[in-house]
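One-letter residues, chain by chain:
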Amino acid sequence: MKILCTGASSFTGYWFVHELARAGHEVVATFRKGNADEYADEPRRQRVALALRDCRGVFGCSFGDPAFVELVGSERWDLLCHHAADVTNYRRADFDLVSALGNNTRNVAIVLAALKANGGRPGVLITGSVFENDEGAGSEGLPAFSPYGLSKSLTWQVFRYHALHAGLALGKFVIPNPFGPFEDPRFTAYLIKTWLTGNTAVVNTPSYVRDNIHVSLLAKAYASFAAVLPSNGLVRLNPSGYVESQGAFALRVAAEMRLRLGSTCAVTLNTQVEFTEPRMRINTDFVDGARQGWNEAGAWDEFANYYKVPPQPAT
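First, a word on what this report is: a plain description of the structure on this page. (Residues numbered from 1 in each chain as written. Predicted model: local features only at pLDDT ≥ 70, side-chain atom pairs only at ≥ 80, totals over all residues. Heavy atoms only, no water.)

1. Some thoughts on the overall build of the chain
Inference 1: Check the secondary structure of the chain and you find 10 helices and 16 strands.
Inference 2: Taking 2.2 N^0.38 as the reference for a compact globule, 315 residues should give roughly 20 Å; the C-alpha atoms of the chain span a radius of gyration of 19 Å, in line with that estimate.
Inference 3: Referenced to the eigenvectors of the C-alpha coordinate spread, the extents of the chain come out at roughly 60 × 45 × 40 Å.
Inference 4: Per-residue burial for the chain yields a buried fraction of 50% across its 315 residues.
Inference 5: Pairs at least 24 residues apart make up 81% of the contacts formed inside the chain by residues separated by at least 6 positions.
Inference 6: Put simply, the chain shows about 13800 Å² of open surface, and 51% of that area lies on carbon and sulfur atoms.
Inference 7: Across the chain, the centroid of the 30 positively charged side chains sits 2 Å from that of the 30 negatively charged ones. (Helix = DSSP H or I, 4+ residues; strand = E, 2+ residues; numbered from the N terminus. Rg over C-alpha atoms; globule rule 2.2 N^0.38 Å. Buried < 20%, exposed > 50% of the residue type's maximum accessible area, 1.4 Å probe, protein only. Contact = heavy atoms within 4.5 Å. Areas by Shrake-Rupley, 256 points an atom, 1.4 Å probe, with all protein chains shown as cover. Lys, Arg positive; Asp, Glu negative; His and termini not counted. Charge placed at Lys NZ, Arg CZ, Asp CG, Glu CD.)

2. Notes on the nonpolar core
Inference 1: Formed by 58 residues in total, the largest nonpolar core has its most connected members in Leu20, Cys81, Leu125, Phe173, Trp195 and Met257.
Inference 2: Looking at this core element by element, the count peaks at 9 residues for helix α8 (residues 215–227).
Inference 3: Apart from residues no more than four positions distant in its own chain, leucine 20 is found in contact with Ile3, Cys5, His25, Val27, Cys81, Tyr222, Ala223 and Ala226.
Inference 4: Of all hydrophobic cores here, the second largest spans 22 residues; its members include Leu80, Val111, Trp156 and Phe159. (Core = buried A, V, L, I, M, F, W, Y, C linked by side-chain atoms within 4.5 Å.)

3. Some details on the sheet that holds strand β8 (residues 177–179)
Inference 1: Read from one edge of the open sheet, 3 strands run β8-β10-β13, paired in mixed fashion. Unpaired on one side and paired on the other, β8 and β13 (242–245) mark the two borders of the sheet. Each strand axis lies, on average, 35° off the axis of its neighbour in the sheet, ignoring direction. (Pairing = 2+ DSSP bridges. Axes fitted to C-alpha atoms, helices over the stretch in contact; angles between N-to-C directions.)

4. Quick word on the packing of helix α4 (residues 97–104) against helix α6 (residues 147–166)
Inference 1: The N-to-C vectors of α4 and α6 enclose an angle of 35°; their axes lie 9 Å apart at closest approach. Between α4 and α6 the crossing geometry is right-handed. Here Leu97, Ala100, Leu101 and Asn104 of α4 come into contact with α6, specifically with Pro147, Leu150, Ser151, Leu154, Thr155, Val158 and Phe159. (Left-handed = near helix turned anticlockwise from the far one by under 90°.)

5. Some words on the packing of aromatic side chains
Inference 1: Scanning the model with the defined rule gives 23 aromatic pairs in all.
Inference 2: A ring pair is formed by tryptophan 300 and phenylalanine 303, whose centres lie 6.4 Å apart and whose planes are at 45°; its orientation type is tilted. Placement of the pair is tryptophan 300 and phenylalanine 303 together in helix α10 (residues 296–308), with a separation of 3 residues, close to one helical turn. Of the two residues, tryptophan 300 and phenylalanine 303, neither departs from the other in class, the shared state being buried.
Inference 3: An angle of 75° between the planes, with centres 5.6 Å apart, marks the rings of phenylalanine 303 and tyrosine 307 as edge-to-face. With phenylalanine 303 and tyrosine 307 both in helix α10, this residue pair falls 4 residues apart, about one helical turn.
Inference 4: The ring of tryptophan 77 carries the charged tip of lysine 2 above its face, separated from the ring centre by 4.9 Å.
Inference 5: Across from the ring centre of tyrosine 208, 4.4 Å away, lies the NZ or CZ of arginine 210, which sits over that ring. (Phe/Tyr/Trp six-rings, centres within 6.5 Å; stacked < 30°, edge-to-face > 60°. Lys NZ or Arg CZ within 6 Å of the ring centre and 35° of its normal.)

So this is what it looks like as structure tokens:
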């Protein structure tokens, strides 16, 4: 297929582009900044540089802006993978979900009309989050975790409305908690960086039950899902990885890294007393990694090597 992707500078976005290209698709990725050097953080610059090995990059182009609409209308596409999302201050309670929704769906009707006008039966693939309201399985009635989660849910609803009216196939790929090489500085990054300095990692929220998944497996599931979208209608996939408490997951990572980092990988699980998020939120669709040629031990090796031998700055 010929695929147009947004959001390729993100952690998961880079891996999605990588696996789509490995599957033999022609991938074109748009980037909001004018070039790779304009991205503020090194991991993102590194991801952009790597993504450009797998795709044709179009810089200075955001979803729904005039340059994006022109790009959609100038070529024939088999699939639009809209992964980009407004994540400005996404962890804050005052996250501007209305502005984010506008940015995520800018001129969506015009974009989809241009996509369809070039002929064929193009499809649209949207990425969602298990932290949206009414996604996955879990507790407390499946509320949105945050205004950001709500913005993702509303983005899906807007695309659902316009794709159905345009007669386009629409898929939703729901992301749980990915981890792996080129990740952003979150839970597993904290664990490994702590161990590499010889310190003990402290987990303050060990009782939350979450769904953590190797990003390489997630990306293979994404590429496989993209390849089987129907010619019309709605489909979804909620890929699942390690479903367990965050305490159990930290101990799992410690056991795997202990074999690979030459560190004791000590972990202290504190007693969790605050539950500001739902206690349990998971995805529900098993991903058969072996069937897709994915090797679990190899994925752990790759993850450890990423931190043992940090990548060189992007050039």
